[in-house]
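Residues per chain are reported as follows:
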Amino acid sequence: MGKTNLDERQLQKRHKAGNQAFLLMAFLLLADMGLQNYGIRWLEYPLSNYTIFMLGVGSYLVRLIWSGAYVGPGGGQSRVNGRSIAGAALAMLVAACVVIVTFMNPSAQTAADGNVNGKVILIISVSAALIILSTVFLIRRRNNRAE
């Protein structure tokens, strides 16, 4: 056990999840480049790379939490208290406000070059954050119920 306070099993699971997420991201980026070479565009350039990056990072985080390799054993952080619930509620409120302002504000829908990629990237970021937050909450709840 080092600075991470993870045991050997957790370190192995963390490294395995990281390697697989990196390979997933690399293959998806290669597939995206191959599709663009044949003229098939599923999303515009920065948005496609951003989406692939979010898929890789999201899968890595979900697998870390699912396998229990996110925090070390014996940590008192596994309990759900009022501060963590308030923090999660505040994060969801801020994310909902960002989504509402993005849809209601006409200046957020237009970009300098005429593309609306900024709005789409913002919505994807907020949606991914909400999905990861709810997945983490559900996994922790399931793991705490088993104990």
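Residues numbered from 1 in each chain as written. Predicted model: local features only at pLDDT ≥ 70, side-chain atom pairs only at ≥ 80, totals over all residues. Heavy atoms only, no water.

As for the overall build of the protein chain
The helix and strand tally for the protein chain stands at 4 helices and 0 strands. N-terminal to C-terminal, the α/β element order of the protein chain is α-α-α-α. Burial statistics for the protein chain: of 147 residues in total, 17% are counted as buried. Just so you have it, the protein chain exposes about 10,400 Å², and 66% of that area is on carbon and sulfur atoms. (Helix = DSSP H or I, 4+ residues; strand = E, 2+ residues; numbered from the N terminus. Buried < 20%, exposed > 50% of the residue type's maximum accessible area, 1.4 Å probe, protein only. Areas by Shrake-Rupley, 256 points an atom, 1.4 Å probe, with all protein chains shown as cover.)

Digging into a nonpolar patch on the surface
Residues Phe22, Leu23, Phe27, Leu30 and Met33 make up a contiguous nonpolar surface patch of about 570 Å² in total accessible area. Note on placement: Met33 falls in helix H1 (residues 8-37). Classification of Met33 by relative accessible area gives partly exposed; the value is 48%. (Patch = residues over 30% accessible without salt bridge, like charges linked within 9 Å, V, L, I, M, F, W, Y side chains within 5 Å. Salt bridge = Lys/Arg side-chain N within 4 Å of Asp/Glu carboxyl O.)

A few points about helix H2 (residues 45-67)
With 23 residues, H2 should reach 33 Å at 1.5 Å per residue; the first-to-last C-alpha distance of 34 Å fits that figure. Within the sequence span of H2, burial applies to Leu47, Ser48, Thr51, Ile52, Gly56, Gly58, Leu64 and Ile65. Trailing H2 by a residue or two, Gly68 shows a phi angle of about 80°, which is positive. (Expected span 1.5 Å × (residues − 1).)

So, the packing of H1 against H2
Packed helix pairs are characterised by how far apart their axes lie and by the angle those axes make with each other. Contact geometry of H1 with H2 gives a least axis separation of 9 Å together with a crossing angle of 160°. Here H1 is positioned roughly antiparallel relative to H2, judged by the angle of their axes. Both H1 and H2 take part in a crossing whose hand is right-handed. (Axes fitted to C-alpha atoms, helices over the stretch in contact; angles between N-to-C directions. Parallel < 35°, antiparallel > 145°, perpendicular 65-115°, else oblique. Left-handed = near helix turned anticlockwise from the far one by under 90°.)

Some points on the confidence of the model for the protein chain
Mean pLDDT over the protein chain: 76, with 74% of residues reaching 70 or higher. At the low end of the mean pLDDT range in the protein chain sits helix H3 (residues 82-104), at 72; at the high end sits H1, at 90. (pLDDT = per-residue confidence, 0-100.)

Quick word on a positive patch on the surface
On the surface, Arg9, Lys13, Lys16 and Arg63 cluster together to form a positively charged patch. Looking at the positive patch, the element that brings in the most residues is H1, giving 3 residues. Residue placement: Arg63 occurs in helix H2. Given the relative accessible area of 36%, Arg63 is considered partly exposed. (Lys, Arg positive; Asp, Glu negative; His and termini not counted. Charge placed at Lys NZ, Arg CZ, Asp CG, Glu CD.)

Let's talk about H1
Helix length check: H1, at 30 residues, gives a terminal C-alpha distance of 43 Å against a target of 44 Å (1.5 Å per residue), a fit within 8%. Of all the positions in H1, only Gln10, Ala17, Ala21, Met25 and Asp32 are classed as buried. Contacts made by the buried residues of H1 are with H2. Taken from the residues just after H1, Gly39 is the one with a positive phi, measuring 90°. (Contact = heavy atoms within 4.5 Å.)

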